[in-house]
Amino acid sequence: MVTDRRASQQKGVSTMKLYVKIWRDSTGRYVAACPSLPGCTTTGRTKEEVKEKLEEAIRGYLASVNNFVPAKLHDMLEYSNSR
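Right, let's walk through the structure included here.

Criteria and thresholds
- Residues numbered from 1 in each chain as written.
- Predicted model: local features only at pLDDT ≥ 70, side-chain atom pairs only at ≥ 80, totals over all residues.
- Heavy atoms only, no water.
- Pairing = 2+ DSSP bridges.
- Helix = DSSP H or I, 4+ residues; strand = E, 2+ residues; numbered from the N terminus.
- Axes fitted to C-alpha atoms, helices over the stretch in contact; angles between N-to-C directions.
- Contact = heavy atoms within 4.5 Å.
- Expected span 1.5 Å × (residues − 1).
- Buried < 20%, exposed > 50% of the residue type's maximum accessible area, 1.4 Å probe, protein only.
- Arc of directions from axis to C-beta.

**Quick word on the sheet that holds strand β1 (residues 18-24)**
What the four strands build is an open sheet, ordered β3-β2-β1-β4; its pairing is mixed. Only two strands of the sheet have a single partner each, and these edge strands are β3 (41-44) and β4 (77-80). The sheet shows a mean angle of 25° between the axes of neighbouring strands, taken without regard to direction. Both strand β2 (residues 30-33) and β3 contribute to a ladder of four bridges, which runs antiparallel. Following the sheet pairing, tyrosine 30 is matched in β3 by glycine 44. Docked against the sheet, helix α2 (residues 47-66) engages β1, β2, β3 and β4, running at close to 155° with respect to β3.

As structure tokens, then:
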């Protein structure tokens, strides 16, 4: 994967990253948000669930704004476990 990114960068293609925050709310549920995309926030019982739900929300956001969703969206997400 690192090799693919280097090859892309050498060709002048940049890789976009989306920063994602994950934290637990006062009820113990996980909350995930992508600050770069207004309204892309979700909750879940587990980290895995909240990541899946947020990825779906990001896909919907990008599809509605750009009419385009990257094939490897998951590789573009950078998760943080702090608020």
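Now that the structure has been shown, the text picks up again.
**Digging into α2**
Across its 20 residues, α2 extends 28 Å between first and last C-alpha, which sits within 8% of the 28 Å expected from 1.5 Å per residue. Considered for burial, the residues of α2 that qualify are Val50, Leu54, Glu55, Ile58 and Leu62. The buried residues of α2 occupy one face: seen down the axis, they fall within an arc of 135°. Facing away from the buried side of α2 by over 90 degrees, the exposed positions are Glu52, Glu56 and Ser64. If you follow the buried residues of α2, they end up packed against β1, β2, β3, α3 (73-76) and β4.

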